[in-house]
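Descriptive analysis of the structure
The chain contents come next:
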Amino acid sequence: MKRLAIVNLLLLMAASLFGQSLKSPDEFLGYELGSRFTPNYKVVDYYEYVASQLSNVTHHKYGETNELRPLIANMVSSQENIDNWEQIRTDNLKRAKLMEGTPSGNKIGIVWLSYNVHGNEANSTETAMKTLYELARPGNAEAKEWLKNTVVVLDPCINPDGRDRYSNWINQVAGTTPNPHPEAAEHNEPWPGGRANHYLFDLNRDWAWQKQIESQQRIKFYNTIMPHIHVDFHEQGSNSPYYFAPAAEPIHEQVTDWQRQFQEIIGRNHAKYFDKNGWLFFTKESFDILYPSYGDSYPMYNGAIGMTYEQGSSDLAILTDEGDTLKLSDAIAHHFTTGMSTVETASSYNERMVDEFTAYFEKAVSNPKAKYKTYIVKGTNHPDKLKMLEAFLQKNMIDYGKSSTRKPINAFNYMTGESQNVSVQESDIVVSAYQPKAVMVQALFEPETYASINDTYDITAWAIPYMMGLDAYATTERLSVSEGQPTYAAREVKVEQAPAAYLAKWETLEDAKFLAEILKSGIKLRFATEPFSVNGKSYERGSLIITRKGNMHMGSGFDQTVKAAAEKYGRNLYSTPTTFVDSGKDFGSNNIPFLKAPRILVLRGDGVSSLGFGEFWYFMEQELNYPITMVNTDDFGRVNLDDYDVVVMPSGSYGSMLTESRMEDFNSWIRSGGRVLAIERAMNTFMGKGGFSLKRYASDGDQKEANKQSDEEKEAIALTPYAERGARFESSRLPGAIFKLKVDNTHPLGYGYSNHYFTIKNNGSRYAYLPNGWNVGIIESEAAYISGVAGEDAKKNLAKSMVFGVDNVGRGAVVYMADNPLFRAFWENGKLFVANALFLVGQ
């Protein structure tokens, strides 16, 4: 026994000595932090190295990016806490009511530090290495004390693809000595920049929606831990001092007094260190807590203290307006200080922090702060939409089920905007506010988001029923909800042997995915432009008519291909032994057009919104799964447009690409049968141009009338006190609100929709009704406003305006979309408009 004890002692001494020799980032990398930007693989290597050297540090790979870079996090704490991590984690989930049982261990705080969500805000990943080192360094007695009651999770880079895009570029263009002059090449990234991920999505807007693979894997990991504090490290303009919490207004009304108070406590601790070092900072400005999909708001709505920290961007070194040189090493020092200060404060307030976290979820399940106690999504919605809703709720760990209540209840109808009596049915999906994720439920479902002020950082409306196009209700009554998932009718496959035609309906994006699949397989087909019935069944406009005629060269492969595609996408499939219809147009009619597989070109590069391009790219590649050709704007002049059927112009400015002569060639191609999809600012390419009918106002008189102001209004504006200068813009403010469009669903652009659609509008641009085209989606009046921040002048200006329209130009067409249905990929109900524009319009 004595010999064994000696051996154990020697092993412990060896481990201790091993840890004492832990390499700093400078020693491991071979250069000083702040002298260059570190490639992601070296950051991963360092995190793996520290975990391999110290038993109180663990390394976790929680996923991979689109470009196959690892997504990782390290945990550091006392040895005792690391040894007991599983109990700490499950105790925490019990406090959050996400796991049954009562916590039995000590109260241990969990702090999560997330770095580099925006790839070109790259100093924070450098900081992440320094912070890990100092927290883990055995000789750091102060950190060792904090870690006795705190576990720290460090994710060094949320967006490795974007960061490497940036770091590889700047390491190539920066000289041996950094050039601090703002006009130097190293301060001006080429398109698309490193901010976004592989698909050029802003990952800091994707926490709740989880459209991107990084978000999906991170939130899954996050929900297995549920930290008490989450910090999101960022950069801002080079001339801005450091920002840390407390946050700015508007702060969502669901945020608790404790969450506000603890932000203040943490901020004051930061201020102590910043004042000591003579560093300037600001708080309570710019960065609010409202939009639910940020790295501060999402954790806040999940019981944590969510915070954004913003450091002025330095690149390697940059001159500020004050004549100082801001260096990367300075930026690292600032982020390091707030990171360590956060851990220190969490440790100091550990017991109360954990108790308040517990109380947050106890209130959520017993007495949620909510106007609406229950949300009802009718089972009569399309199964595709209900399945989409279920997947979304599951990703966010939101409970849902069925209710046995059958009496009529008074509820708010999202579709009409009015209250009415509604009965709950067995097939309805019911979401109760009384659950652990109560605040997330309110933030995501409430019909009207309350904002204490109109000056917000992002969009202000996003309610799930509008976003998914769901027939849904919100009631102030608490309904009993039991576990249970909706049951869906089995897929209908009613086909004869070797039919004259297969038939498929056109109702959701899943139908468009089916169409894309069979087009890629070489199937030839037609689609209905009028309702028809055949073989005892009725079909609406847009229905796909897949005749054997035209596909006979495929033999039995024709039937196999169609059936396999229908099965892959869960489509109902029907058939008919004859093309002679019972009502409507026969399949050989000219009114049943042939659907040619479109050859699609999308523009990217200088002048194009990288986010707008990325949204389209993601939609085509990851959702619709249909091939496109991506062409840089600089190369457009060399493209033979006759090789393409559709040109997609994401939001952007195309003036430098489309010179006068190129515009003439482009116009000629359109007139000869080409089709264009112009989204948001791309519409300006055609506005007021010869051959196109797009205008902001129908006439000069209408424009003068719209801009007319009374003498009293002019005087009030002119005499606005300087201190109230922001008020000048209140009436025209439109940061992101929901409007109800009237839809012409008899036009191919509107196929699959009802006679209305809820659009997310984040710009005030208005366009007059097309006099010679088709106004498919319009704002009829000011009453079309539904929810979100929208000034009175903005609403007035948008009345009688076109949002979605089609300009017939010769044999071709230009599809206009003043709002982007693919915005952040989360506005699910708008995506069929884009599929219609690509596949059906102009055929």
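Residues numbered from 1 in each chain as written. Predicted model: local features only at pLDDT ≥ 70, side-chain atom pairs only at ≥ 80, totals over all residues. Heavy atoms only, no water.

A few words on the overall build of the protein chain. Of the regular secondary structure elements, the protein chain holds 24 helices and 35 strands. Computed over the C-alpha atoms, the radius of gyration of the protein chain is 29 Å, within 12% of the 28 Å expected from 2.2 N^0.38 for a compact globule of 843 residues. Its C-alpha atoms give the protein chain principal-axis dimensions of roughly 95 × 65 × 60 Å. The 843 residues of the protein chain split such that 58% are buried. Considering only residue pairs separated by 6 or more positions, the protein chain has 77% of its internal contacts joining residues 24 or more positions apart. Of the roughly 33,900 Å² that the protein chain leaves accessible, carbon and sulfur atoms contribute 48%. (Helix = DSSP H or I, 4+ residues; strand = E, 2+ residues; numbered from the N terminus. Rg over C-alpha atoms; globule rule 2.2 N^0.38 Å. Buried < 20%, exposed > 50% of the residue type's maximum accessible area, 1.4 Å probe, protein only. Contact = heavy atoms within 4.5 Å. Areas by Shrake-Rupley, 256 points an atom, 1.4 Å probe, with all protein chains shown as cover.)

Attention now goes to the side chain of E126. As for its position among the elements, E126 is in helix α6 (residues 123–136). For E126, a relative accessible area of 0% puts it in the buried group. Ignoring sequence-local partners within four residues, the contact set of E126 consists of L33, R36, F37, T38, R163 and I332.

What follows deals with the packing of helix α17 (residues 509–520) against helix α18 (residues 556–568). Here α17 crosses α18 at 150°, and the two axes come no closer than 9 Å. Regarding the angle of α17 to α18, the classification is roughly antiparallel. With respect to the hand of their crossing, α17 and α18 are arranged in right-handed fashion. Contacts from F514, E517 and I518 of α17 reach α18 at V562, A565, A566 and K568. (Axes fitted to C-alpha atoms, helices over the stretch in contact; angles between N-to-C directions. Parallel < 35°, antiparallel > 145°, perpendicular 65-115°, else oblique. Left-handed = near helix turned anticlockwise from the far one by under 90°.)

In this structure the tally under the stated criterion is 40 salt bridges. For R571, the salt bridge identified is with D511, shortest N-O distance 2.9 Å. Here D511 lies in helix α17 and R571 lies in the loop between α18 and β24 (573–576), a separation of 60 residues in the sequence. An identical accessibility class is assigned to R571 and D511; each is buried. Salt-bridge contacts for D635 lead to R638; the nearest nitrogen and oxygen are separated by 2.2 Å. (Salt bridge = Lys/Arg side-chain N within 4 Å of Asp/Glu carboxyl O.)

Turning our eyes to something else, we now look at the sheet that holds strand β23 (residues 544–547). Ordered by their spatial adjacency, six strands build an open sheet running β18-β24-β19-β23-β20-β25, and the pairing between neighbours is mixed. If you trace the sheet from one side to the other, it starts and ends with β18 (493–494) and β25 (594–595), each paired once. Two elements, strand β20 (residues 525–527) and β23, share two bridges in a ladder whose sense is antiparallel. Within β23, the position partnered with R526 by the bridge is I545. Along the sheet, α18 contacts β19 (501–504), β23 and β24; its crossing angle with β19, the most-contacted strand, is approximately 10°. (Pairing = 2+ DSSP bridges.)

Considering the arrangement of structural elements, one finds H187 in the loop between α8 (160–173) and α9 (213–222). Only 3.2 Å separates the side chain of H187 from the backbone oxygen of A317, close enough to count as a polar contact. (Polar contact = N/O pair within 3.5 Å; in protein donor to acceptor, adjacent residues only side chain to side chain.)

Cis geometry marks the peptide bond from A245 to P246; its omega dihedral reads 15°. In this fold, P246 is placed in the loop between β6 (242–243) and β7 (248–251). The step from E249 to P250 runs through a cis peptide bond, and the omega angle for that step is 0°. Assignment of secondary structure puts P250 in strand β7. Within the chain, L200 stands out as a residue other than glycine whose phi angle is a positive 60°. Of note, L200 is situated in the loop between α8 and α9. Since its relative accessible area comes to 4%, L200 is described here as buried.

Moving on: the sheet that holds strand β17 (residues 472–475). The sheet built from five strands is open, its strands ordered β15-β14-β17-β13-β16 with antiparallel pairing. Two strands in the sheet have a free side with no partner beyond their single neighbour: β15 (418–422) and β16 (429–432). The sheet shows a mean angle of 30° between the axes of neighbouring strands, direction not considered. Together, β13 (374–377) and β16 form the strand contacts of helix α14 (residues 383–395), whose direction differs from that of β16 by roughly 30°.

A separate point is the packing of aromatic side chains. A full pass over the atoms with the stated rule returns 60 aromatic pairs. Arranged with centres 5.2 Å apart and planes meeting at 35°, the rings of Y375 and F445 form a pair that is tilted. Here Y375, found in strand β13, pairs with F445, found in helix α15 (residues 438–445); they are 70 residues apart in sequence, far enough to count as distant. Per residue, the accessibility class of Y375 equals that of F445, and both read buried. One Lys or Arg, R218, reaches over the ring of W207 and ends 4.4 Å from the middle of that ring. (Phe/Tyr/Trp six-rings, centres within 6.5 Å; stacked < 30°, edge-to-face > 60°. Lys NZ or Arg CZ within 6 Å of the ring centre and 35° of its normal.)

Grouped together as the largest cluster of nonpolar side chains are 179 residues, with contacts concentrated most on F666 and F686. Once residues lying within four places of it in the same chain are set aside, the contact partners of F686 are M649, M663, F666, I670, V676, A678, F692, L694, V814 and Y816. Core analysis: the second largest hydrophobic core is formed by 58 residues, Y133, A136, V231 and I332 among them. (Core = buried A, V, L, I, M, F, W, Y, C linked by side-chain atoms within 4.5 Å.)

Below, the discussion takes up helix α20 (residues 660–671). Here α20 spans 16 Å end to end across twelve residues, near enough to the 16 Å set by a 1.5 Å rise per residue. Restricting attention to buried positions, one finds in α20 the residues M663, F666, N667, W669 and I670. For α20, the arc enclosing every buried residue in end-on projection is 160°, short of the 170-degree limit, so these residues lie on one face. When the buried face of α20 is taken as reference, the exposed residues oriented beyond 90 degrees from it are E664 and D665. Those residues of α20 that are buried lie in contact with β28 (646–649), β29 (675–679), β34 (801–809) and β35 (812–817). Looking one or two places after α20, you find G673, whose phi comes out positive at around 125°. (Expected span 1.5 Å × (residues − 1). Arc of directions from axis to C-beta.)

All right, on to the pairing of β34 then. Two faces, one strand: in a regular strand the side chains alternate between the faces of the sheet. Most of β34 is tucked away, with eight of its nine residues classed as buried. Of the strand pairs in this sheet, strand β32 (residues 774–779) and β34 are connected by five bridges, and their pairing is antiparallel. Bridging across to β34, N775 finds its partner in G805. Pairing between β34 and β35: six bridges, direction antiparallel. Bridge pairing links V809 to G812 in β35.

By the secondary structure assignment, L113 is in strand β3 (residues 109–114). Taking the C-alpha atoms as reference points, L113 and R662, 549 residues apart in sequence, are found 51 Å from one another. When neighbours within four sequence positions are excluded, L113 is seen to be in contact with T131, V152, V153, L154, D155, V231, F233 and G339.

We now examine the packing of helix α10 (residues 257–277) against helix α13 (residues 350–366). Contact geometry of α10 with α13 gives a least axis separation of 10 Å together with a crossing angle of 155°. Classified by the interaxial angle, the pair formed by α10 and α13 is roughly antiparallel. The crossing of α10 and α13 is left-handed. Contacts between α10 and α13 involve W258, Q259, Q261 and F262 on the former and, on the latter, R352, M353, E356 and Y360.

Moving on to the environment of L601. Tracing the backbone shows L601 in strand β26 (residues 600–604). Here L601 falls in the buried class, since its relative accessible area comes to 0%. Residues L601 and W279 lie 322 residues apart in sequence; the distance between their C-alpha atoms is 50 Å. Those residues in contact with L601, other than ones at most four positions away along the chain, are T629, V631, F636, V639, Y644, V646, V647 and V648.

All right, on to the confidence of the model for the protein chain then. Within the protein chain, residue pLDDT values average 95, and 97% of them lie at 70 or more. Contacts for the low-pLDDT stretch residues 1–18, under 50 throughout, to residues beyond four places or in other chains number two contacts. (pLDDT = per-residue confidence, 0-100.)

This part takes up helix α12 (residues 328–348). Relative to the 30 Å expected for 21 residues at 1.5 Å per residue, α12 spans 30 Å between its end C-alpha atoms, a close match to the ideal helical length. Across the 21 residues of α12, 17 count as buried, placing the element largely inside the fold.

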